[in-house]
Amino acid sequence: MTTYDDRASLSDLTTTAERVRRSVEGVIEGKPEVVRLSLTVLLAEGHLLIEDVPGVGKTMLAKALARSVDCSVRRIQFTPDLLPSDITGVSVYDQQRRDFEFKPGAIFAQIVIGDEINRASPKTQSALLESMEERQVTIDGHTYELPSPFMVVATQNPVEMEGTYPLPEAQRDRFMARVSIGYPSPEAELRMLDVHGGPSPLEDLQPVAHAHEIVKLVDAVRTVHVAESVRRYAVDLVGATRSHPELRLGASPRATLHLLRAAKAAAALAGRDFALPDDVRALAVPVLAHRLLPTAQAQLGRRTAEQVVLDILQRTPVPDPFGQRPPGARRL
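Conventions and cut-offs
- Residue numbers restart at each chain and count upward from 1, following the sequence in its written direction.
- Confidence filtering applies because this is a predicted model: local features only for residues at pLDDT of at least 70, side-chain atom pairs given and counted only at 80 or more, and all residues used for totals across whole chains, interfaces and linings.
- Remark: hydrogens and water are excluded; side-chain values derive from all non-hydrogen atoms of the structure.
- The way it works is that DSSP assigns letters per residue, a run of H or I at least four long becomes a helix, a run of E at least two long becomes a strand, and they are numbered from the N terminus.
- The globule rule used for comparison is 2.2 Å times the number of residues to the exponent 0.38, while the radius of gyration itself is calculated over C-alpha atoms.
- Using a 1.4 Å probe on the protein chains alone, a residue whose accessible area is under 20% of its type maximum counts as buried, one over 50% counts as exposed, and one in between counts as partly exposed.
- Throughout, a residue-residue contact means that at least one pair of heavy atoms, one from each residue, lies within 4.5 Å.
- Under the convention used here, a 1.4 Å probe and the Shrake-Rupley method define accessible areas, while residue burial counts only the protein chains that appear.
- This count recognises Lys and Arg as positive and Asp and Glu as negative, with His and chain-terminal groups excluded.
- Lys charges are placed at NZ, Arg charges at CZ, Asp charges at CG and Glu charges at CD.
- At least two DSSP bridges between two strands are required for those strands to pair.
- All axes here are fitted lines through C-alpha atoms, helices being fitted over the stretch that makes contact, and every angle between N-to-C directions spans 0 to 180 degrees.
- Definition used in this section: a nonpolar core is a set of buried Ala, Val, Leu, Ile, Met, Phe, Trp, Tyr and Cys residues joined via side-chain atoms within 4.5 Å.
- The span one expects for a helix is its residue count, reduced by one, times 1.5 Å.
- Should a side-chain nitrogen of Lys or Arg be within 4 Å of a carboxyl oxygen of Asp or Glu, the pair is scored as a salt bridge.
- The score called pLDDT rates the predictor's confidence residue by residue, from a low of 0 to a high of 100.
- As used in this structure description, the phrase polar contact means that two N or O atoms lie within 3.5 Å; if the pair is within protein, one of them must be able to donate a hydrogen and the other to accept it, and residues adjacent in sequence are counted only when both atoms belong to side chains.
- Any two rings among Phe, Tyr and Trp, with Trp reduced to its six-membered ring, count as a pair given centres within 6.5 Å; such a pair is stacked if its planes are under 30 degrees apart, edge-to-face if over 60, and tilted if neither.
- Two conditions define a charge located above a ring, namely a distance within 6 Å from the ring centre to NZ of Lys or CZ of Arg, and an angle within 35 degrees of the ring normal.

**Concerning the overall build of the protein chain**
No. 1: Looking only at helices and strands, the protein chain has 14 helices and 13 strands in total.
No. 2: Its C-alpha radius of gyration of 21 Å places the protein chain within 12% of the 20 Å reference for a compact globule of 332 residues.
No. 3: Taken along its principal axes, the extent of the C-alpha atoms in the protein chain is 70 × 55 × 50 Å.
No. 4: Relative to its full complement of 332 residues, the protein chain shows a buried share of 51%.
No. 5: Residue pairs in contact within the protein chain that sit at least 24 positions apart in sequence constitute 80% of those at least 6 positions apart.
No. 6: Here the protein chain has roughly 16100 Å² of accessible surface; of this, 52% comes from carbon and sulfur atoms.
No. 7: Here the protein chain holds 39 positive side-chain charges and 43 negative ones, and the gap between their average locations is 4 Å.

**Topic: the environment of Leu10**
No. 1: Along the chain, the position of Leu10 falls in helix α1 (residues 6-25).
No. 2: The sequence separation of Leu10 and Ala270 amounts to 260 residues, and the corresponding C-alpha distance is 9.9 Å.

**Here's the deal with the pairing of strand β7 (residues 136-139)**
No. 1: Taken together, the 4 bridges between β7 and strand β8 (residues 142-145) define a ladder with antiparallel strand orientation. Note on β8: the bridge partner recorded for Gln136 is Glu145.
No. 2: What sits between β7 and β8 in their antiparallel hairpin is a turn of 2 residues, with Asp140 showing a positive phi close to 50°.

**Quick word on the sheet that holds strand β3 (residues 73-77)**
No. 1: Spatial ordering of the open sheet is given by β3-β6-β9-β1-β10, a layout of 5 strands whose pairing is parallel. Every interior strand has two partners, whereas the edge strands, β3 and β10 (177-179), have only one. Between one strand axis and the next, the sheet turns by 20° as a mean value, whatever way the strands run.
No. 2: For strand β1 (residues 48-51) and strand β9 (residues 151-156), the ladder comprises 4 bridges, and the chain directions are parallel. By the bridge assignment for β9, Leu49 is matched with Ala154.
No. 3: In this fold helix α3 (residues 58-68) packs onto β1, β3, β6 (111-115) and β9, with an angle of close to 170° to the strand it touches most, β6.

**Structural notes on the nonpolar core**
No. 1: Residues Leu13, Val24, Leu48, Ile50, Leu61, Val280 and Leu288 are the most contacted members of the largest nonpolar core, which totals 76 residues.
No. 2: No other element matches helix α11 (residues 253-269), which puts 10 residues into this core.
No. 3: Filtering out sequence-adjacent residues up to four positions away, Leu48 remains in contact with Ser38, Val41, Met151, Val152, Val153, Ala154, Phe175, Ala177 and Val179.
No. 4: Ranked by size, the runner-up nonpolar core spans 24 residues in total, among them Leu49, Phe102, Ala106 and Ala127.

**Brief notes about helix α12 (residues 277-288)**
No. 1: Under the 1.5 Å per step criterion, the end-to-end length of α12 is 16 Å for 12 residues, consistent within 8% with the ideal 16 Å.
No. 2: For α12, the complete set of buried residues consists of Pro277, Asp279, Val280, Leu283, Ala284, Pro286, Val287 and Leu288.
No. 3: Packed against the buried residues of α12 are α2 (32-43), β10, α10 (228-243), α11 and α14 (305-315).

**Some thoughts on the pattern of salt bridges**
No. 1: Counted by the stated rule, this structure contains 19 salt bridges.
No. 2: A salt bridge links Arg21 to Glu25, with the shortest nitrogen-to-oxygen separation between them at 2.6 Å. A residue pair is termed a helical-turn pair when its members lie 3 or 4 positions apart in one helix, as Arg21 and Glu25 do in helix α1 at 4 residues.
No. 3: Three or more residues joined by partner-sharing salt bridges are found here, namely Glu18, Arg21, Arg22 and Glu25.

**So, the confidence of the model for the protein chain**
Low pLDDT marks stretches whose predicted atomic positions should not be read closely.
No. 1: Scored by pLDDT, the protein chain has a mean of 87; 91% of the residues are at 70 or more.
No. 2: In the model, residues 1-8 has pLDDT below 50 throughout and makes 8 contacts with residues more than four positions away in sequence or in other chains.

**Points about the side chain of Asp52**
No. 1: Position of Asp52 among the secondary structure elements: in the loop between β1 and α3.
No. 2: One buried charge, Asp52, has no salt-bridge partner; the nearest side chain with opposite charge is Lys58, at 6.5 Å.
No. 3: Looking at Asp52, its side chain comes within polar contact range of the main-chain nitrogen of Ile181, at 2.8 Å.
No. 4: Sequence-distant contacts of Asp52, defined by excluding residues within four places in its chain, comprise Lys58, Gln156, Asn157, Pro158, Ser180, Ile181 and Gly182.

**Here's the deal with the packing of aromatic side chains**
No. 1: Counted under the stated rule, the structure contains 3 aromatic pairs.
No. 2: Arranged with centres 5.7 Å apart and planes meeting at 70°, the rings of Phe102 and Phe108 form a pair that is edge-to-face.
No. 3: In this structure Phe108 comes out as buried when scored by relative accessible area, which is 18%.
No. 4: Residues Phe102 and Tyr144 carry aromatic rings whose centres are separated by 4.1 Å and whose planes lie at 10° to one another, so their mutual orientation is stacked. Of the two residues, Phe102 is situated in strand β5 (residues 99-104) and Tyr144 in strand β8; the sequence distance between them amounts to 42 residues.
No. 5: Under the relative-accessibility criterion, Tyr144 is labelled partly exposed at 24%.
No. 6: Of note, Arg272 hangs over the ring of Phe274, and the distance from its end group to the ring centre comes to 5.8 Å.

**Structural notes on unusual backbone geometry**
No. 1: The peptide bond linking Ser148 to Pro149 adopts the cis configuration, its omega dihedral lying at -5°.
No. 2: With respect to the element layout, Pro149 can be found in the loop between β8 and β9.
No. 3: Residues other than glycine seldom take positive phi values, yet Glu116 does so here, at roughly 55°.
No. 4: Its location among the elements puts Glu116 in the loop between β6 and α5 (122-125).
No. 5: Of the residues examined, Glu116 reaches a relative accessible area of 26% and is grouped as partly exposed.
No. 6: The phi dihedral of Asp140 is positive, around 50°, even though this residue is not glycine.
No. 7: Among the secondary structure elements, Asp140 is positioned in the loop between β7 and β8.
No. 8: With a relative accessible area of 61%, Asp140 lands in the exposed category.

Now the structure itself:
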């Protein structure tokens, strides 16, 4: 078995991630922070929920990320008549063999794009629960492993409510982060007119990283050191959501794990083999906000979950950033 030096792997990570970042930013104009968060979720073994108004490039971002990595990609258009078996697969009786044969569904890909996920019924949405958490699918008593790396990138429209089914809390909790692309700046929109005025840039997008490279980089992210004080800081932030007076549902222990994994990936992308409190702070809103449910009083006061997380960040003491480096740690 071939082994890799951890530091060399982290050095490779920054180089490979930079190639993927430039590739995606060639399609998504003026949103470097959104692209970076998408890469962070990919390397942290998470799933990404892209939530925004129509026409800002939600599906374009998902497709650009998928095409920048040389791996299997499936796109699922969620509609009210979509069945769970369309996602997971179905066992079909073979007349010649006189036995059932499993026909894999669209979930059997390394990057799965779920477009307008909230247009499917809750029964169909629940077909993703096992695959997103355990990276496997159970059909008729048989368990099938999903390929690695595996990432679900889902989009949904938060303002168009006709014919939609809000994602249940269990489903939202399985997404590591939620991102909103937002409208581009006037300068970025002008560049977009030049780039997208002719053929779609997606047509010329070529893979700049291979699936086995991503698997190697995911393993490298796992080696990033997280000091006890940083872990305690993440626990304090998540714990504060469970007792906040403006929230009727706080973040789960899974949220703490996702926050820590994302912080490790962010540290690696920054060229460090150790995580800082700033990594946790920068990811607190995208990782925690979509899991929280404000109280009725908070909603009447037009207080959003994002504002509550920012309030918690202001009130929670930050540990000393100079005590987070392990012995021998260095920037890469």
